[in-house]
Amino acid sequence: MSVLKFKKQSYTPAAKKENDMPEGVWIKCDACGEMLYRDDVVKNHLACYKCGKYFRMASRRRIHVIADKHSFEEWDTGLEGNDPLEYPGYPEKVEALREKLKTDEAVVTGRCTIHGEETVIAVCDSRFLMGSMGYVVGEKITRAVEKATELKLPIIIFTCSGGARMQEGMISLMQMAKTSAAIRRHSDEGLLYITVLTDPTTGGVAASFAMLGDIILAEPGALVGFAGPRVIEQTIGQKLPEGFQRAEFLVEHGLIDGIITRDEMKDKLARLLHMHRMPSKEEALLTNKLVIPETEQNTAAEMTAWDRVLTARAADRLTSLDYITEIFSYFEEMHGDRHDADDGSIVGGLAYLDGYPVTVIGQQKGRTTKENITRNFGMPSPEGYRKALRLMKQAEKFHRPIINFIDTPGAYPGLEAEEHGQGEAIARNLYEMSTLKVPVLSIVIGEGGSGGALALAVGNEVWMMENATYTILSPEGFASILWKEGKRASEAAGFMKVTAAELKELGIIDRVIAEPEPACKDNREELCRIMRKMIRKFLYENLDKAPETLAQERYERFREF
């Protein structure tokens, strides 16, 4: 099923586009120092074609790039502010900028379509008093959010600001609370809010509407932070690290979902809007024939429990990303826990299953030494579990089913993990997952190690690959604790009942997915074909259930143990 077919379109505003680039045939890049031909920079999405550095983009040019042709309807023009501090020359400065820039304030708001997807949009403009937020900016954004709530539409805000407008004093500060309150009401209606952070996004804007998006993206290299670098350096008397507060730094530290480049922006925003416009079950899953999957089989060669353990740990075994990229389409990975870090051992985001949007999350191992270091050998930290929970709660808000792939030796047992609350993070997942009001399917694809695996396995159904294992702890640990002989791990594996067949008999899992041969790249396509059918059947059977029923069934499933 073809999910998205975009036509290349552009918005041509009725008013003349403001001149947002420096005058002259040649301009200088302030990053690399190269002299650039102005027209080529414009054609290159206002980016330096030598080093890639983005020039700042005016609000109407941004709308021209993003919105479909003739689709933009501007709102709330001509709003008048005031001068609460009676700051000398302030009214005259505002009026002069309005005349020069042909725009009434530091934000333009309205409604448009992006590849046919309807949305409300607000675009900040750094040329108007550095995009600072006074009464008019706060009022226009608040009205746009309120109207989006009334019309049941998503909203996208492009931020670019030096923060609160000093010339308006405490009236400016109040806009932070006002805009945030409007966004909360929009969110409470189950509506999507996307922010795109551009250079710079700082101060009171960064500490209000800019960082409240369901999805937060940033342009490459954008400066984002509450206090500016100069203020921080002057306050603490230290030199800041290279790249501090830049977009890439924010991804690494788990504060935003990802980087979005200008050449991909229109397509990606349209896809995200489309993913949040939930189709009916019939529109998606039933457009393809629903086929009941094959009966489970046992591997031809008899394997011991220890054989299964070694197979589950094999370096060439299929990983979560192998399944995600083969089974689902248009996977959009989201990053970070919004507090501390982006844990590479947990991957997650949005995707389609035959046209139906789902949230997919997986514990991810690496294959090479470098990958394993990045993925922490598949052992999640507290930040990883909090990222997973953030994505699951977001899925609940937008009524998306959740599919979790489990493959971990266990939660990371290091010093930092304990300092950051590993036990609390796992407990919080168990607590919150128990009441999620959307279908939750968890599939153990490799190692299911202890509480580190259970933190993603509170599902309406739990499945296992035939050669996967699910254990209270590793066989080595079991043998060491109970028998004081870690070398008896193979014996312990047989004693512990770690295999899919044994756990199905105990009622711990609901289904076994056959592996005629151990899962690897050679049989990836066939295994994923079978798994896709099984997941589609799970969704078909659960999508129409009342939210309370799904939570109650999950509670009863675990209440039986």
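All figures in this text were calculated on a predicted structure; none of them were measured in a lab. (Residues numbered from 1 in each chain as written. Predicted model: local features only at pLDDT ≥ 70, side-chain atom pairs only at ≥ 80, totals over all residues. Heavy atoms only, no water.)

1. Quick word on the packing of helix α2 (residues 59–66) against helix α9 (residues 262–275)
When two helices pack together, their arrangement is given by the angle between the helix axes and the distance between those axes. For the pair α2 and α9, the least separation of the axes is 9 Å and the interaxial angle reads 60 degrees. Considered as vectors, α2 and α9 are oriented oblique to each other. Between α2, through Arg62, Val65 and Ile66, and α9, the contact on the second element is made entirely by Arg262, Met265, Lys266 and Leu269. Considered class by class, the residues forming the contact of α2 with α9 number four nonpolar, no polar and three charged. (Axes fitted to C-alpha atoms, helices over the stretch in contact; angles between N-to-C directions. Helix = DSSP H or I, 4+ residues; strand = E, 2+ residues; numbered from the N terminus. Parallel < 35°, antiparallel > 145°, perpendicular 65-115°, else oblique. Contact = heavy atoms within 4.5 Å. Nonpolar A, V, L, I, M, F, W, Y, C, P; charged D, E, K, R; others polar.)

2. Overview of the layout of surface pockets
Here the largest pocket is characterised by a volume of approximately 500 Å³. The wall of the largest pocket is formed by 17 residues, among which Ser187, Leu212, Gly213, Asp214 and Lys397 lie closest to the centre. Residue assignment for the lining of the largest pocket shows that the elements contributing at least two residues are α5 (169–188) and α14 (382–397). The residue makeup of the lining of the largest pocket, split by class, is five nonpolar, five polar and seven charged. (1 Å grid on protein atoms, 1.4 Å probe; cavity = no way out; pocket = protein on both sides within 12 Å on 5 of 7 lines; lining within 4 Å. Points joined across faces, edges and corners; volume = space filled by probe spheres on them.)

3. Thoughts on the pattern of salt bridges
One pass over the structure, following the stated rule, counts 45 salt bridges. Across the pair Arg386 and Glu424 runs a salt bridge whose closest N-O atoms are separated by 3.0 Å. In this pair, Arg386 is assigned in helix α14 and Glu424 in helix α16 (residues 422–433), connecting sequence segments 38 residues apart. Accessibility expressed as a relative area gives 24% for Arg386, which makes it partly exposed. Judged by relative accessible area, which is 39%, Glu424 ranks as partly exposed. Through salt bridges with shared partners, a single ionic network connects Arg313, Lys365, Asp407, Glu447 and Glu476. (Salt bridge = Lys/Arg side-chain N within 4 Å of Asp/Glu carboxyl O. Buried < 20%, exposed > 50% of the residue type's maximum accessible area, 1.4 Å probe, protein only.)

4. As for the pairing of strand β15 (residues 440–449)
With ten of ten residues buried, β15 is to be regarded as a mostly interior element. With six bridges joining them, strand β14 (residues 402–408) and β15 adopt parallel strand pairing. When the sheet's bridge partners are listed, Ile406 is paired in β15 with Val444. Sheet analysis places β15 next to strand β16 (residues 461–465), joined by four bridges and oriented parallel. Across the sheet, residue Leu441 finds its bridge partner in β16, namely Glu461. Here β15 pairs with strand β17 (residues 469–471) via three bridges, running parallel. Paired with Gly448 across the two strands is Tyr470, which belongs to β17. (Pairing = 2+ DSSP bridges.)

5. Regarding the pairing of strand β4 (residues 107–114)
Burial within β4 is extensive, with six of its eight residues counted as buried. As defined by bridge partners, strand β3 (residues 73–75) adjoins β4 across three bridges and the pair is classed as antiparallel. If you follow Glu74 over to β4, its bridge partner there is Gly110. Sheet topology places β4 next to strand β5 (residues 117–124); eight bridges connect them, and they run antiparallel. The residue of β5 that forms the bridge with Gly110 is Ile121. A loop of two residues connects β4 with β5, the two strands running antiparallel in sequence, and His115 in this loop sits at a positive phi of about 50 degrees.

6. Observations concerning the environment of Pro401
Relative to the elements of secondary structure, Pro401 occurs in the loop between α14 and β14. Residue class for Pro401 comes out buried when judged on its relative accessible area of 0%. Taking the C-alpha atoms as reference points, Pro401 and Thr359, separated by 42 residues in sequence, lie 6.2 Å from one another. Leave out the neighbours within four places in its chain, and Pro401 touches Tyr356, Pro357, Val358, Thr359, Val438, Pro439, Leu539 and Leu543.

7. Things to note about the packing of aromatic side chains
Overall, the coordinates contain ten aromatic pairs when judged by the stated rule. Centroid distance Trp483 to Phe495: 6.0 Å. Interplanar angle 70 degrees. Geometry classified as edge-to-face. Within this pair, whereas Trp483 is found in helix α18 (residues 475–483), its partner Phe495 is found in helix α19 (residues 489–496), the two being separated by twelve residues in sequence. According to the relative accessible area criterion, Phe495 is exposed, its value standing at 59%. Pairing Phe558 with Phe561 gives two aromatic rings, centres 6.0 Å apart and planes at 70 degrees, and the pair type is edge-to-face. You can call Phe558 partly exposed: its relative accessible area is 27%. Members of the aromatic cluster, joined through ring pairs, are Tyr323, Phe328 and Phe405. When the ring centre of Trp483 is taken as reference, the NZ or CZ atom of Arg488 above it lies at 4.2 Å. (Phe/Tyr/Trp six-rings, centres within 6.5 Å; stacked < 30°, edge-to-face > 60°. Lys NZ or Arg CZ within 6 Å of the ring centre and 35° of its normal.)

8. Regarding the packing of α18 against α19
Taken N-terminus to C-terminus, the directions of α18 and α19 make an angle of 95 degrees; their axes are 8 Å apart at the nearest point. As judged from the angle between their axes, α18 and α19 are roughly perpendicular. Here α18 contributes Pro475, Glu476, Phe478, Ala479 and Trp483 to the contact with α19, which in turn contributes Ala489, Glu491, Ala492, Ala493, Phe495 and Met496. Here the residues of the contact of α18 with α19 sort into nine nonpolar, no polar and two charged.

9. Brief notes about helix α4 (residues 135–151)
Between its first and last C-alpha atoms α4 spans 24 Å; for 17 residues at 1.5 Å apiece the expected length is 24 Å, and the two agree. The secondary structure elements touched by the buried residues of α4 are β3, β4, β5, β6 (155–161) and α5. (Expected span 1.5 Å × (residues − 1).)

10. Digging into the environment of Gly449
Here Gly449 is to be found in strand β15. On the accessibility criterion, Gly449 (4% relative accessible area) is buried. Measuring from C-alpha to C-alpha, the distance between Gly449 and Tyr470 comes to 6.0 Å, with 21 residues separating the pair along the chain. Discounting residues that sit within four places of it in the chain, Gly449 has contacts with Thr408, Pro409, Gly410 and Thr471.

11. Concerning the state of the cysteines
What we call a disulfide is simply a covalent bond connecting the sulfur atoms of a pair of cysteines. All chains considered together, the criterion is met by zero disulfides. Here Cys112 is not disulfide-linked; the sulfur of Cys124 is the nearest cysteine sulfur, at 15 Å. We note that Cys124 lacks a disulfide partner, and the nearest cysteine sulfur, in Cys160, lies 7.2 Å from it. (Disulfide = S-S within 2.5 Å.)

12. Quick look at the environment of Arg390
Along the chain, the position of Arg390 falls in helix α14. Classification of Arg390 by relative accessible area gives buried; the value is 15%. C-alpha of Arg390 to C-alpha of Asp337: the two residues are 53 residues apart in sequence and 6.8 Å apart in space. Residues within four places of Arg390 in sequence aside, it is in contact with Asp214, Asp257, Met334, His335, Gly336, Asp337 and Arg338. Polar side-chain contacts of Arg390 include one of 3.0 Å to the backbone oxygen of Gly336. (Polar contact = N/O pair within 3.5 Å; in protein donor to acceptor, adjacent residues only side chain to side chain.)

Nothing here speaks to function; it is all geometry.
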